[in-house]
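Fold and contact review
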Amino acid sequence: MAYDLIVQVRHASVQSPFGELLVAATERGVVRVAFPEENGDAVLGELSDEFSADVSAGTLDHERQELQEYFDGRLRDFDVPVDLGLAPGFSRRVLEATARIPYGSVSTYGDVAANAGSRRAARAAGNALKGNPVPIIVPCHRVIRSGGDLGGYAGREDRKAFLLSLEGARS
C-alpha cells in the first residue's frame, strides 16, 4: 500500500475489560490496537519506523466510542475504517476474510484460509491472525479450531473466551 512521504499517525488510549488499549490510526483508518501488556512506546516507535510517520497523541473520538460501545455490549458492527497497511499479501487477505465473520459467529482457521484464497493454508492463516495488528476490530477472536477448541489468541486465550462470550458465540 503506497503512503505519502510522511504519514500522520494519531494515537489514544481506550479503557477495556483487559485494561488500557492503545489505538492508533492513519488518515485511512485504525492501523493498530495494542493490548495493555504491549509496550506502548515500542508500538508507537514501530509505527513511526514502518510508516515514516509523524506519531502524535489525538482524540480518536469515534474509534474510542465504538470500542467502548462494543465492550458495553451495545455495538455489534464496527464502522470505523481500518488501515491494513501493516499486513501484506496473504495476511491481508486473511484479515479481510476475518473481518467478514459476523458478530456472535465463529469460523475455523481452514474456512478463513479458504476464504482468503488458499484452502490448505489453515496454519498460515493462524499465523496471520496471530500477527493481526487490529484485534477486536478485525475479529480474530472469532476464529477457532475445526474441532471446536478455541485455538490460540495473541491477546491471550482468556480474552478470546471473554470476547466470544460477550458476543454470545460461546458460553
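See the structure above.
Residues numbered from 1 in each chain as written. Predicted model: local features only at pLDDT ≥ 70, side-chain atom pairs only at ≥ 80, totals over all residues. Heavy atoms only, no water.

1. Description of the pattern of salt bridges
Counted by the stated rule, this structure contains 5 salt bridges. When the shortest N-O distance is used, the salt bridge between Arg-159 and Glu-37 registers 2.8 Å. Taken together, the residues Arg-159 in helix H6 (residues 157-166) and Glu-37 in the loop between strand S3 (29-34) and helix H1 (40-51) connect sequence positions 122 residues apart. A relative accessible area of 3% places Arg-159 in the buried class. Given the relative accessible area of 45%, Glu-37 is considered partly exposed. (Salt bridge = Lys/Arg side-chain N within 4 Å of Asp/Glu carboxyl O. Helix = DSSP H or I, 4+ residues; strand = E, 2+ residues; numbered from the N terminus. Buried < 20%, exposed > 50% of the residue type's maximum accessible area, 1.4 Å probe, protein only.)

2. Focus: the packing of helix H3 (residues 89-99) against helix H5 (residues 122-130)
Closest axis-to-axis distance for the H3/H5 pair is 9 Å, and the angle between their directions is 80°. When the axis of H3 is compared with that of H5, the two are roughly perpendicular. Facing H3, whose interface residues are Phe-90, Ser-91, Val-94, Leu-95 and Thr-98, H5 presents Ala-124, Ala-125, Ala-128 and Leu-129. A per-class count over the contact of H3 with H5 returns 7 nonpolar, 2 polar and no charged. (Axes fitted to C-alpha atoms, helices over the stretch in contact; angles between N-to-C directions. Parallel < 35°, antiparallel > 145°, perpendicular 65-115°, else oblique. Contact = heavy atoms within 4.5 Å. Nonpolar A, V, L, I, M, F, W, Y, C, P; charged D, E, K, R; others polar.)

3. As for the side chain of Glu-69
Following the sequence through the fold, Glu-69 ends up in helix H2 (residues 61-71). Here Gln-65 takes part through its side chain, which lies 2.9 Å from a polar atom of the side chain of Glu-69. Here Glu-69 is in contact with Arg-74 and Leu-75, once residues within four sequence places are set aside. (Polar contact = N/O pair within 3.5 Å; in protein donor to acceptor, adjacent residues only side chain to side chain.)

4. With respect to the pairing of strand S2 (residues 19-26)
S2 sits mainly inside the fold: 6 of its 8 residues count as buried. Across 7 bridges, the pairing between strand S1 (residues 7-16) and S2 is antiparallel. Bridge assignment links Ala-12 to a residue of S2, and that residue is Val-23. Where S1 folds back onto S2 in an antiparallel hairpin, the turn is made up of 2 residues. Across 5 bridges, the pairing between S2 and S3 is antiparallel. The partner of Thr-26 across the bridge, within S3, is Gly-29. What sits between the antiparallel neighbours S2 and S3 is a turn of 2 residues. (Pairing = 2+ DSSP bridges.)

5. Let's talk about the pairing of S1
The pairing of S1 with strand S4 (residues 53-57) spans 5 bridges and is classified as parallel. Along S4, the bridge assignment pairs Arg-10 with Ser-56.

6. A word on the nonpolar core
Counting residues in each nonpolar core, the largest one holds 39 residues, and the members touching the most others are Leu-67, Tyr-70, Phe-71, Phe-78, Ile-136 and Ile-137. Setting aside chain neighbours within four positions, we find Phe-71 in contact with Gln-15, Ser-16, Pro-17, Phe-18, Leu-21, Ile-136, Leu-163 and Leu-166. Membership of the second largest hydrophobic core comes to 11 residues, among which are Val-7, Leu-22, Ala-24 and Val-31. (Core = buried A, V, L, I, M, F, W, Y, C linked by side-chain atoms within 4.5 Å.)

7. Comments concerning the sheet that holds S2
Pairing between the strands of a sheet comes from backbone hydrogen bonds, and it takes one of two forms, parallel or antiparallel. Ordered in space as S3-S2-S1-S4, the 4 strands form an open sheet in which the pairing is mixed. Here the strands that pair on one side only, and so sit at the sheet edges, are S3 and S4. Averaged over neighbouring strand pairs, the angle between their axes works out to 30° when direction is ignored. Where H2 meets the sheet, its contacts fall on S1, S2 and S3, and the angle it forms with S1 comes to roughly 30°.

8. A look at the layout of surface pockets
Rolling a probe over the atoms, with the probe sized like a water molecule, indicates the empty space that remains. A volume near 290 Å³ is recorded for the largest pocket. Every residue lining the largest pocket is counted, 14 residues in all, and those nearest its centre are Tyr-109, Gly-126, Asn-127, Gly-151 and Gly-152. Counting residues per element, the lining of the largest pocket draws most heavily on H5, which supplies 6 residues. Among the residues forming the lining of the largest pocket, the class breakdown is 6 nonpolar, 4 polar and 4 charged. (1 Å grid on protein atoms, 1.4 Å probe; cavity = no way out; pocket = protein on both sides within 12 Å on 5 of 7 lines; lining within 4 Å. Points joined across faces, edges and corners; volume = space filled by probe spheres on them.)

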